[in-house]
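So the chains spell out like this:
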Amino acid sequence: MQRRDFLRLLGTGVALGMMAPFADVLAAGSVTMPGNTGANGRVVVIGGGMAGTTVAKYLRLWGGTGVQVTLVEPNPTYISNIFSNKVLTGERTLTQLSYKYGTLTSKYGVKLITKSVTAIDYVGQQVTLNDGSKLPYDRLVIAPGVAFDALPMSGTAAAQAKVVHAWQAGVQTTSLQTQIKAMTKADTFILTIPAKPYRCPPGPYERACVVADYLTRTKKGGKVVVLDANPGIQAEVENFTNAFKNIHKNITYVPNASISSIDANTGTVNTSAGAFKGKVINAIPPHRAGKIITDNPLLANVGGRWAGVNVLSYESALPKIHVIGDAAATTQPKAGHIANAEAKVCADAIVHLLRGEAVNPSPMTNSACYTPITSTTASWLSVVYRYDPVTGTMLPTGNGVTESSGINKDNHEEMLKWFSNLMSDTFA
Ligand SMILES: Cc1cc2nc3c(=O)[nH]c(=O)nc-3n(C[C@H](O)[C@H](O)[C@H](O)COP(=O)(O)OP(=O)(O)OC[C@H]3O[C@@H](n4cnc5c(N)ncnc54)[C@H](O)[C@@H]3O)c2cc1C
């Protein structure tokens, strides 16, 4: 599977290996909403991010008018995490990364409720919203993304407020951008990476690269120190090793560096690999599934942090409740591209279940990720997963993860197309 195939597949809205009945209509570039396909029921989707928005759209496209889909999302606008590292360097704005739900409602007939879900009654099959109202469901899909642990930090409230993760695009991204902009060539940017699993395995290394590039281009100096709680680089090992060694010589990479404490007043990060001092501290805390999952131990049945799922349908330990995207514990990475693919497998399965049919026994998904290394060059990784009936998991096919054989301008151009296709497939 070549990277161009991924771009093409995303453009057609097809999830690999699936019998998507209306994929041909999508491929033709026009969207005709199907009538009743024999699938009937109320589906509530919690969370309008990469996973939730995709599942809502495809439930309608593949399920037809009998599938009533309600999306519950508190924010009227979704801000993409993907490309948010480029906001830190001033190459993008948060406005450029903002997506609305208008097409989802007007074109696909999804009902949008701009509220959040506070409780799930899995026996009575209904959810409670933050205004106290109840919403019944026949199937529930939960896609709340991640939440972050608190870090062991001391210092004044003002100093602590400056130590942000910016791992959920929004106000923290703006705060970090402002702090980076104020750096001089004598300053150090410290980035801490939590132990896996965390969202977007290549993302922190990408951030180190684009910040190092920005400092070199605009400040003619400045250092980046990467404190990784993991024993080594977690994705695109060859490309990032090359980037750290040969392209960004101002990056120091420190593996096995788990945080023991952060003194926000002095800008000191104490770790198992020693103490490091910096002007700007960008600390990414350990992740867990969104609160609506961890509130319920029956859902958060993987270490109390993540939701275990059957990857044939993404049904959780609780019947008729499906969990997709970063919140689910699977063998696949926590990333936007795979969240989009998981959502399609889930939508397809729910449509079959609502028709009283068996789900696809051999789904395939793919994850592709382009990584800016400088303002004009990028690398990429890709991997295709297939369901393995022996282990009941999604396993990589072929040689597993493939990474680009180089870091270059062509990849950077393809990256822009890939992003545009992925976001269109999700929000348009
Ligand atoms: C800097 C950075 C760069 C990245 N780059 C890439 C990349 O290049 N490629 C890639 O594939 N991935 C990338 N990712 C990862 C990607 O952004 C996530 O994996 C993806 O957003 C996960 O989708 P999701 O739907 O699970 O969660 P999200 O997209 O976070 O969406 C969750 C949604 O649920 C809503 N929600 C939460 N709780 C509730 C509730 N109780 N009620 C109602 N709604 C609720 C939230 O408001 C949110 O809108 C990157 C991430 C970061 C931080």
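Residues numbered from 1 in each chain as written. Predicted model: local features only at pLDDT ≥ 70, side-chain atom pairs only at ≥ 80, totals over all residues. Heavy atoms only, no water.

This paragraph deals with the environment of Ala161. Here Ala161 shows up in helix α6 (residues 157-162). Owing to a relative accessible area of 53%, Ala161 belongs among the exposed residues under this scheme. C-alpha of Ala161 to C-alpha of Gln172: the two residues are 11 residues apart in sequence and 9.6 Å apart in space. (Helix = DSSP H or I, 4+ residues; strand = E, 2+ residues; numbered from the N terminus. Buried < 20%, exposed > 50% of the residue type's maximum accessible area, 1.4 Å probe, protein only.)

On to the UniProt feature "domain: FAD/NAD(P)-binding" (unreviewed entry) in the protein chain. In this numbering, the UniProt entry assigns the feature "domain: FAD/NAD(P)-binding" (unreviewed entry) to residues 42-167. Strand forms 33% of residues 42-167 and helix 23%; the C-alpha atoms that close the span are 33 Å apart. (UniProt positions renumbered as here; feature names shortened; annotations may be inferred.)

What follows is about the nonpolar core. A general trend in soluble globular proteins is that nonpolar side chains are found buried together. In terms of nonpolar packing, the biggest core is built from 112 residues, with Leu59, Ile120, Val127, Ile142 and Ile293 touching the most fellow members. Ranked by residue count, the leading element in this core is helix α11 (residues 336-354), at 9 residues. Here this core spans two domains, and each of domain 1 (3-147 + 288-427) and domain 2 (150-285) adds at least three residues to it. Leu227, Val254, Ala257 and Ala264 belong to the second largest nonpolar core, which has 13 residues in total. (Core = buried A, V, L, I, M, F, W, Y, C linked by side-chain atoms within 4.5 Å. Domains from an automatic or database assignment.)

Attention shifts here to the site of the ligand. Near the ligand there are 34 residues, and of these Glu73, Tyr78, Arg199, Asp326 and His337 occur at the shortest range. Arg199 places a polar side-chain atom, nitrogen or oxygen, 2.8 Å from an oxygen atom of the ligand. Between Gly336 and the ligand, the recorded distance is 2.9 Å, taken from a backbone N or O atom to a nitrogen atom. Starting from 1,000 Å² of accessible surface for the ligand in isolation, the protein chains cover 93%. Those elements that place two or more of their residues in the shell around the ligand are α3 (50-63), α11 and β24 (364-372). Residue classes in the shell around the ligand are distributed as 17 nonpolar, 12 polar and 5 charged. (Near = heavy atom within 4 Å. Polar contact = N/O pair within 3.5 Å; in protein donor to acceptor, adjacent residues only side chain to side chain. Areas by Shrake-Rupley, 256 points an atom, 1.4 Å probe, with all protein chains shown as cover. Nonpolar A, V, L, I, M, F, W, Y, C, P; charged D, E, K, R; others polar.)

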